[in-house]
Amino acid sequence: MAGPVNAGGQQAQGRPRRSAWQRLFYWSAVLAVWGLIFLVVFFAVFARGLPDTSSLYQVDRQPSITYLDRNGALIATRGTQMAPPADLDSLPDYVPAAFIAIEDRRFYNHPGFDPIGMARAMVTNMRAGRVVQGGSTLTQQLAKNLFLTPDQNMRRKVQELMLAVWLEMKFSKKEILALYLNRVYFGAGAYGIEAASQRYFDKSAKNLTVGEAALLAGLLKAPSRYSPVSESERAAARATVVLNEMEEAGVITAAQREQAVTQPVIVSRTLATQHAQYFIDWLDKSIRSLVGEPTEDMVVETTLDLTLQTSAERSVRRILDRDEGKGVQQAALVALDGDGRVRAMIGGASYADSQFNRAVDAKRQAGSAFKPFVYLAAVEAGYTPQTPVVDQPITIGNWSPRNYSGTFSGNMTLAQAVAQSTNTVAAYVADQVGRDSVARAARRLGIESRIGLEPAMALGAVEVSPLEMATAYDAFANGGRRVDAYGISRIRTPQGRVIYQRQSGQSGQAINNPSLYYMNQMLRGVMTSGTGRSAAIAGRDLAGKSGTTSDYKDAWFVGYTGGFVTAVWVGKDDNTAMRGVTGGSSPAAIWKGFMEAALPRLNAPRIPDGPAMPEGWVAPDPVGDLMSGLDQNGLPVEPVDPLLGQPYVEDPEAPVQQPSSNQPMMRPNAPQPAPRDTPDQQPEGRQPPERRGDALFF
C-alpha cells in the first residue's frame, strides 16, 4: 500500500532552481550591500580627524635668516625660503613635464590615485622584501604636503587617498600641477620651483635648462640624499634617470637629452661654498642670544670675507689631498683681523660629511703653539730675548721633558730657544716664573679652556680650540690689545629696521711694552730661522709659532702680520697619530697658501709696536750683550744674579746634592723673578687622565 504523500515535499520539489546567473546576481547584490556598509563605516572612521581644507592657500613657515658677508655678498639663507608662485604658463614645457615623467607618468589619466602604479609598487616591494618603490601620485603627494603629517601608517594613507580624490574633484589637472610645483620642498630650505631655482642656480624658474629641470625633479625623492651640493655624483646620476624618463615619454628628443647630459650644471656659488656653513652654524647660536627666537625674516650682516673664505677653503683642500697619505684627515682654520672680526672659518674637511665645527668646538692639545704664553710670562718677569739659558736635561718632580731632536744644545739665548722650540728651556722657564703666571697670561689674552698647572702645561698639554688660539695671538698682532672674536656686525629686517648693532668699544691693553716688543721679536725669529721657516713669505713682516703634540696626534701653526692672525690645526677625529706631521709641515703649508692669497687683498701693515716704551728703556744690543758675557780673555764669565749683582753661589746652608742620571744638577743661569710664595700647583677643575710621562711636544 502506498504511503502518504508529503505535500510540503511536493512543493519543495516543484520550486524552480535558480540559474547560475541568478545566483551570481544574488550574491553580488549581497556583497555590494555589505561592501557599501563597510565603505561607509570605513570612510566614516578614517574621515574623523581629517584636516581643515580651508588652509589650502595658507603658508605656515619659519622665518628666514639671510647671511651677508662684510661686502654685502650672500653667504647663505637659513630657515624657509619662499618665492612668488611660478606661473605654469611662463615655464618651459619641459619643466613641469620633467616632474610628471619621473613622479607620475599617468597624471592626466587617473582620478587622484593610480591603481596600476600602486599594484606595481606593491609587487616590487614584495620581491625586494622592503619598501623600494612608492605608488603615490602627484595629487597624493600634494595632499600629504598640504594637509598631513609625514607619519607612515594606514590611517594617514587612507586620508591621503581621500584628500587626493577631493583635490581632483575641486581643481583641474593644471591647477593641481601648479599647486604642486609651488609648494613642494626641494631641500636647502627652498619651497616651490621658483625658490629652488633661485637657491640652486641663482636664476628664475622660467630660465631653467633641461638639465637643471631634470636635476630639480630628481631632488624630490630625497632632497638631502640627492643634493647637488653635498652629493653631486648621486644627484647627477639621478638627473640622468629623469632625462631618460623624459625622452621615453616623448617630452624631449634624443638630441636634447644628449645635450643635457654633456652640458655641466653650475650650482650656485653660495651653496657651493659649503665651508662657510660652519661659520653660519656658529652664528646661529649667537643670534638667539642677541635677539631671541626669530619671529620675522632677518638679514644678518657678518664679518666674513667670502673671498678670503674661498681662499682658505682652497688651501685646506689642497693640503688635505696632498697629505692624505700621511694620515691628515681633518683641518680647521680661523682668521681674525686686529679687532677680532672673523674673516674666514673652516671647521672641517667636509661640511656635508660632518657638521661638527672643529674650529670652535674641538679642544685639542696645543703643543708648542702654547709656548708664547710661557715666554710672555717670562719677559713680564724680567727675561729678554738675549737672556742666556741652557738646553740641558731637567727633571721637575718625576717628569723629564725631552726635545724633538733627542739631543741638548747647551748654551743659547731665550730667542734661540723660542725659534728652535726647545722643550727643556720652556719647561724650566715656566717652572721658574710660575705656571700660575703662565696660566694668567694665557687667560688675559683669551684662552678660556681649562689650564692645568702640571709641569707639562709649559709644553702645550692644554686642550684649546683654534678660535681660542687665534683670539689669544691677536694681541701680538694688534699692538697688545685683548679682543673677543665675533662674527655679527648688524642684524636688520629686509626692510632696513635695525634689530641689533654691535657697539665698537675700545678693548683693553693685554700686553704692555717692552714685553710686546720682545715677544714679536722672538716670534719673528720662528719664521726667519726656526720651526716656521717653511711658512715665511718674502717681503712680509710675519711672526708665529708651530706646535706638534705627542705621537703626532695634533699639529698647529698660528701666525700673524699687522692686524691679521690665522690659526690652523690638522689631525684626526679619533685622536690617533698621523705619520710624522709636524706644525711646520701641513699646518704651515695651509697657513702659507691662505696668507699668500689673503695678504694682497688685506694690504696689511707691519706688525705694530704697541704702546709707548717705559721711560728710560733702552733697546737691547745683541752684540753688546754677547760681548758683556766674555771676560778680558774672551772666555765666558759666570752669569750674574740680577737680584744680588754678583755671580750665583751655592747656599752654604743647603746640602749639596750630587747629580744622578735621573736627577740632573740644575743651576739658574737666567734672571729670576722676585721670591714669592709657592703657587697652588693644583690644576683648574678636575684632573685630566694621566698622560704618558714621556709626552713629546715641539
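Worth saying up front: this structure is predicted, and the values here are computed from it rather than measured.

Chemist: What is the right way to look at the overall build of the chain in this model?
Modeler: Scanning the chain for helices and strands turns up 22 helices and 16 strands. Looking at the chain as a whole, 48% of its 698 residues qualify as buried. For the chain, restricting intrachain contacts to residue pairs at least 6 apart in sequence, the fraction spanning at least 24 positions comes to 72%. With the model as given, the accessible surface of the chain reaches about 34500 Å², and the carbon-plus-sulfur share is 53%.

Chemist: It is not clear to me how the sheet that holds strand β2 (residues 74-78) should be interpreted in this structure. Could you clarify?
Modeler: In sheet architecture, strand pairing relies on hydrogen bonds along the backbone and comes in two forms, parallel and antiparallel. Taken in spatial order, the five strands make up an open sheet running β2-β1-β3-β10-β11, and their pairing is mixed. Among the strands making up the open sheet, the edge pair consists of β2 and β11 (498-501). Averaged over all neighbouring strand pairs, the angle between strand axes comes to 15 degrees, with direction disregarded. Judged from the three bridges that link them, strand β10 (residues 488-492) and β11 form a sheet pairing that is antiparallel.

Chemist: It is not clear to me how the nonpolar core should be interpreted in this structure. Could you clarify?
Modeler: In globular proteins that are soluble, nonpolar side chains generally tend to be buried together. By size, the foremost hydrophobic cluster in this structure holds 89 residues, and its most contacted members are Phe-373 and Met-469. With eight residues, helix α19 (residues 466-477) is the single largest residue contributor to this core. Those residues within four positions of Met-469 in sequence are excluded, and the remaining contacts are Ala-366, Ala-369, Phe-370, Phe-373, Ile-447, Val-464, Trp-556, Val-558 and Ala-567. Listed in part, the 49 residues of the second largest apolar core include Val-210, Tyr-226, Met-246 and Ala-260.

Chemist: Is there a simple way to think about the sheet that holds strand β12 (residues 543-548) in this case?
Modeler: Reading across the sheet, the five strands line up as β5-β4-β14-β13-β12 and stay open at both edges, with antiparallel pairing between neighbours. Looking at strand neighbours, the two that pair on one side only are β5 (342-346) and β12, the edges of this open sheet. Neighbour-to-neighbour, the strand axes of this sheet turn through a mean angle of 5 degrees, independent of strand direction. Contacts from helix α14 (residues 306-322) reach β4 (330-337), β5 and β14 (564-571) within the one sheet, and its direction differs from that of β5 by about 30 degrees.

Chemist: What is the right way to look at the confidence of the model for the chain in this model?
Modeler: Atom-level detail of predicted coordinates should not be read off regions where pLDDT is low. In the predicted model, the chain carries a mean pLDDT of 81, and 78% of its residues have values of at least 70. In the model, residues 1-12 has pLDDT below 50 throughout and makes one contact with residues more than four positions away in sequence or in other chains. Per-residue pLDDT stays below 50 along residues 623-698; that stretch engages in 120 contacts with residues further than four places along the chain or on separate chains.

Chemist: Looking at this structure, how should I read the pairing of strand β7 (residues 388-391)?
Modeler: Residues in a regular strand project their side chains so that they alternate between the two faces of the sheet. The side-chain alternation of β7 yields one buried face, formed by Val-389 and Asp-391, and one unburied face, formed by Pro-388 and Val-390. Where β7 and strand β8 (residues 410-413) come together, four bridges link them in antiparallel fashion. Across the sheet, the residue bridging to Val-390 is Asn-411, located in β8.

Chemist: Looking at this model, I keep getting lost on the environment of Ser-286. Mind explaining?
Modeler: Residue position: Ser-286 is located in helix α13 (residues 276-291). Between the C-alpha atom of Ser-286 and that of Tyr-486, which follows or precedes it by 200 residues, the distance is 9.4 Å.

Chemist: What is the right way to look at the packing of α14 against helix α21 (residues 586-602) in this model?
Modeler: Packed helix pairs are specified by the crossing angle of their axes together with the interaxial distance, meaning the distance between the axes. One can describe the packing of α14 onto α21 by two numbers: an axis separation of 9 Å at closest approach and a directional angle of 155 degrees. It follows that α14 is roughly antiparallel to α21 by the angle criterion. Here α14 runs over α21; the crossing is right-handed. Where α14 approaches α21, its residues Thr-307, Leu-308, Ser-311, Ala-312, Ser-315, Val-316, Arg-318, Ile-319 and Arg-322 are matched on the opposing element by Ser-586, Ala-589, Ile-590, Gly-593, Phe-594, Ala-597, Ala-598, Arg-601 and Leu-602.

Chemist: What am I meant to see in the pairing of strand β1 (residues 65-68) here?
Modeler: Neither face of β1 is left uncovered, since the one carrying Ile-65 and Tyr-67 and the one carrying Thr-66 and Leu-68 both have all their residues buried. Across four bridges, β1 lies against strand β3 (residues 298-302) in parallel orientation. Residue pairing for β3: Leu-68 is matched across the bridge by Glu-301. Following β1, the chain reverses through five residues before pairing antiparallel with β2; Gly-72 in that reversal takes a positive phi of roughly 90 degrees.

Chemist: Explain the side chain of Glu-194 to me, please; I cannot follow it from the model alone.
Modeler: Residue placement: Glu-194 occurs in helix α8 (residues 193-201). Within the buried core, Glu-194 has no salt-bridge partner, and the shortest N-O distance to an opposite charge, that of Lys-206, equals 7.9 Å. At a separation of 3.3 Å, a polar atom in the side chain of Glu-194 contacts the side chain of Ser-204.

Chemist: How should the packing of aromatic side chains be read in this particular structure?
Modeler: Each aromatic ring pair is characterised by the separation of its centres together with the angle its planes make. Applying the stated criterion across every chain, the model contains 16 aromatic pairs. Arranged with centres 6.0 Å apart and planes meeting at 90 degrees, the rings of Phe-99 and Phe-186 form a pair that is edge-to-face. Of this pair, Phe-99 sits in helix α3 (residues 94-103) while Phe-186 sits in the loop between α7 (173-183) and α8, placing them 87 residues apart in sequence. Overall, Phe-99 belongs to the buried group, its relative accessible area being 0%. Relative accessible area serves as the criterion here: at 0%, Phe-186 is assigned to the buried category. Ring centres of Tyr-473 and Phe-476 lie 5.7 Å apart, and the angle between their planes is 90 degrees; on these two criteria the pair is classed as edge-to-face. With Tyr-473 and Phe-476 both in helix α19 and three residues apart, this pair spans about one turn of that helix. When its relative accessible area of 0% is taken as the criterion, Tyr-473 is described as buried. The class for Phe-476 is buried, based on a relative accessible area of 0%. Ring pairing ties together the aromatic residues Phe-370, Phe-373, Tyr-473, Phe-476 and Tyr-560, which thus form one cluster. Stacked on the ring of Tyr-226, the Lys or Arg Arg-238 has its end atom at 5.7 Å from the ring centre.

Chemist: Help me out: how do you make sense of the side chain of Asn-182 in this one?
Modeler: Checked against the element boundaries, Asn-182 lands in helix α7. Looking at Asn-182, the relative accessible area reads 15%, which means it is buried. Within the structure, the side chain of Asn-182 is placed 2.9 Å from the backbone oxygen of Ala-178, a separation counted as a polar contact. Look past the residues within four positions of Asn-182 in its chain and what remains in contact with it is Pro-85, Ala-86, Tyr-191, Gly-192 and Ile-193.

Rules behind the numbers
- Residues numbered from 1 in each chain as written.
- Predicted model: local features only at pLDDT ≥ 70, side-chain atom pairs only at ≥ 80, totals over all residues.
- Heavy atoms only, no water.
- Helix = DSSP H or I, 4+ residues; strand = E, 2+ residues; numbered from the N terminus.
- Buried < 20%, exposed > 50% of the residue type's maximum accessible area, 1.4 Å probe, protein only.
- Contact = heavy atoms within 4.5 Å.
- Areas by Shrake-Rupley, 256 points an atom, 1.4 Å probe, with all protein chains shown as cover.
- Pairing = 2+ DSSP bridges.
- Axes fitted to C-alpha atoms, helices over the stretch in contact; angles between N-to-C directions.
- Core = buried A, V, L, I, M, F, W, Y, C linked by side-chain atoms within 4.5 Å.
- pLDDT = per-residue confidence, 0-100.
- Parallel < 35°, antiparallel > 145°, perpendicular 65-115°, else oblique.
- Left-handed = near helix turned anticlockwise from the far one by under 90°.
- Lys, Arg positive; Asp, Glu negative; His and termini not counted.
- Salt bridge = Lys/Arg side-chain N within 4 Å of Asp/Glu carboxyl O.
- Polar contact = N/O pair within 3.5 Å; in protein donor to acceptor, adjacent residues only side chain to side chain.
- Phe/Tyr/Trp six-rings, centres within 6.5 Å; stacked < 30°, edge-to-face > 60°.
- Lys NZ or Arg CZ within 6 Å of the ring centre and 35° of its normal.

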